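So the chains spell out like this:
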Amino acid sequence: MGRPRTNDEVVKERLVECATEMLATRPRESVTVRSVAAAAEASTTAVYSLFGGKDGLISAVRDRAVAGLFQDLTAVQTSADPLADLCALAVAYRRWGRGHSHLYTVLFGGVQSFDPSGRIGASDPIRPLLAAIDHALTASVLAGDATSIALSIWGTLHGLVTLELAGALDATTAEAAFHSTVHATLRGWTTPELFAALRRAELAPRQDQSRCPGSPDPD
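Summary of the structure given here. Owing to the predicted nature of the structure, the values given are computational and were not obtained by experimental measurement.

Focus on the overall build of the protein chain
Moving on, step 1. Along the backbone of the protein chain there are 10 helices and zero strands.
Moving on, step 2. Split into buried and exposed, the 219 residues of the protein chain put 40% on the buried side.

Some words on the packing of aromatic side chains
Moving on, step 1. This structure, assessed with the given rule, holds five aromatic pairs.
Moving on, step 2. Taking the centre distance of 5.0 Å and the plane angle of 65 degrees together, the rings of Y104 and F108 count as edge-to-face. Of this pair, Y104 and F108 both sit in helix α6 (residues 101-108), four residues apart, which is roughly one turn of that helix.
Moving on, step 3. What links up through ring pairs into an aromatic cluster is the set Y93, W96, Y104, F108 and W154.
Moving on, step 4. Over the face of the ring belonging to F178 we find R94, whose NZ or CZ atom lies 4.9 Å from the ring centre.

Quick word on the nonpolar core
Moving on, step 1. Counting residues in each nonpolar core, the largest one holds 59 residues, and the members touching the most others are L15, V36, L57, L86, Y93, I133 and I153.
Moving on, step 2. Counting residues per element, this core draws most heavily on helix α5 (residues 82-99), which supplies 10 residues.
Moving on, step 3. Residues within four places of V36 in sequence aside, it is in contact with L15, C18, A19, M22, V31 and L57.

Focus: helix α8 (residues 146-165)
Residues lying three or four places apart along an α-helix face the same way, a consequence of the helix completing one turn every 3.6 residues.
Moving on, step 1. Taking 1.5 Å of rise per residue, the 20 residues of α8 would be expected to cover 28 Å, and the 28 Å separating its terminal C-alpha atoms lies within 8% of that figure.
Moving on, step 2. All of the buried residues along α8 are A146, I149, A150, I153, W154, T156, L157, L160, V161 and E164. For α8, the arc enclosing every buried residue in end-on projection is 160 degrees, short of the 170-degree limit, so these residues lie on one face.
Moving on, step 3. In this fold, the buried residues of α8 make contact with α5, α6, α7 (126-138) and α9 (171-188).
Moving on, step 4. Of the residues that open α8, the one with a side-chain oxygen 3.2 Å from the backbone nitrogen of T147 is D145.
Moving on, step 5. One or two positions beyond α8, positive phi appears at G167, with a value near 80 degrees.

Side note on the packing of α6 against α8
Moving on, step 1. Look at α6 against α8: their axes get within 12 Å of each other, and the N-to-C directions meet at 130 degrees. As judged from the angle between their axes, α6 and α8 are oblique. When you trace α6 past α8, the crossing you get is left-handed. Contacts from S101, Y104 and F108 in α6 reach W154, L157, H158, V161, T162 and L165 in α8.
Moving on, step 2. Classifying every residue of the contact of α6 with α8 by side-chain character gives six nonpolar, three polar and no charged.

Digging into the pattern of salt bridges
Moving on, step 1. Enumeration according to the criterion identifies five salt bridges in this entry.
Moving on, step 2. A salt bridge links R28 to D55, with the shortest nitrogen-to-oxygen separation between them at 3.8 Å. Of this pair, R28 sits in the loop between α1 (9-25) and α2 (33-39) while D55 sits in helix α4 (residues 54-74); the two residues are 27 residues apart in sequence, bridging distant segments of the chain.
Moving on, step 3. For D55, a relative accessible area of 54% puts it in the exposed group.
Moving on, step 4. In this structure, a network of salt bridges that share partners links the residues R94, R98, E164 and E175.

Quick word on α4
Moving on, step 1. Compared with an ideal rise of 1.5 Å per residue, which puts 21 residues at 30 Å, α4 spans 30 Å between its outermost C-alpha atoms and is within 8% of the ideal.
Moving on, step 2. Of all the positions in α4, only L57, I58, V61, R62, A65, V66, G68, L69, F70 and L73 are classed as buried.
Moving on, step 3. Tucked into the core, α4 has its buried residues touching α1, α2, α3 (44-51), α5, α6 and α7.

Comments concerning the environment of T32
Moving on, step 1. Here T32 shows up in the loop between α1 and α2.
Moving on, step 2. Each C-alpha atom, one on T32 and one on K54, is 6.9 Å from the other, the two residues being 22 residues apart in sequence.

Observations regarding the environment of L160
Moving on, step 1. Structurally, the position occupied by L160 is in helix α8.
Moving on, step 2. Measuring from C-alpha to C-alpha, the distance between L160 and A177 comes to 7.8 Å, with 17 residues separating the pair along the chain.
Moving on, step 3. In this structure, L160 is in contact with A177, F178, T181 and V182, ignoring residues within four places of it in sequence.

Quick notes on the rules
- Residues numbered from 1 in each chain as written.
- Predicted model: local features only at pLDDT ≥ 70, side-chain atom pairs only at ≥ 80, totals over all residues.
- Heavy atoms only, no water.
- Helix = DSSP H or I, 4+ residues; strand = E, 2+ residues; numbered from the N terminus.
- Buried < 20%, exposed > 50% of the residue type's maximum accessible area, 1.4 Å probe, protein only.
- Phe/Tyr/Trp six-rings, centres within 6.5 Å; stacked < 30°, edge-to-face > 60°.
- Lys NZ or Arg CZ within 6 Å of the ring centre and 35° of its normal.
- Core = buried A, V, L, I, M, F, W, Y, C linked by side-chain atoms within 4.5 Å.
- Contact = heavy atoms within 4.5 Å.
- Expected span 1.5 Å × (residues − 1).
- Arc of directions from axis to C-beta.
- Polar contact = N/O pair within 3.5 Å; in protein donor to acceptor, adjacent residues only side chain to side chain.
- Axes fitted to C-alpha atoms, helices over the stretch in contact; angles between N-to-C directions.
- Parallel < 35°, antiparallel > 145°, perpendicular 65-115°, else oblique.
- Left-handed = near helix turned anticlockwise from the far one by under 90°.
- Nonpolar A, V, L, I, M, F, W, Y, C, P; charged D, E, K, R; others polar.
- Salt bridge = Lys/Arg side-chain N within 4 Å of Asp/Glu carboxyl O.

Right, here's the structure in full:
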């Protein structure tokens, strides 16, 4: 049986899928054009004709990850409650990471350099977070520098999701840690008045404060 056509969209999809899994589960240096082509049952020529080579294929994998995360985050509905919106974004980020673990690993696992302080593109996944933070700052719910707040929230989410995907946390611990830690991170950036009110509410008896305000029920 002959090899598939090198310009076939089916072959292209298979190459991206195989490259994604291999980049997420193997050392990058072991992922070669030949190994990806073999896993996808394609020719090395297909990689070069469709992507220009290994770097182009890796870029295609990363672009898919960026587009998927951006799509899920922008699908989160906004409300009149800035903290609830930020919590909803956190939940969506975690859900995407759990549902696309290989893409998540490629995107944030050092396969390509990631500069969170770089220029923000129109389809950058950080954009919905910055918009929600700007809303919270305008409403005097949060206080501080928007970029610093965004990096703090993203660092928290990334650490939690990475630990969960690595199997370092069991399901119950991961669920509790996610909501309590996100809640604490957001509370730390609130205005002094709101911070005091949130702390009083958390310490009140017979209230479940393990989940961040406005977050939907866990999956």
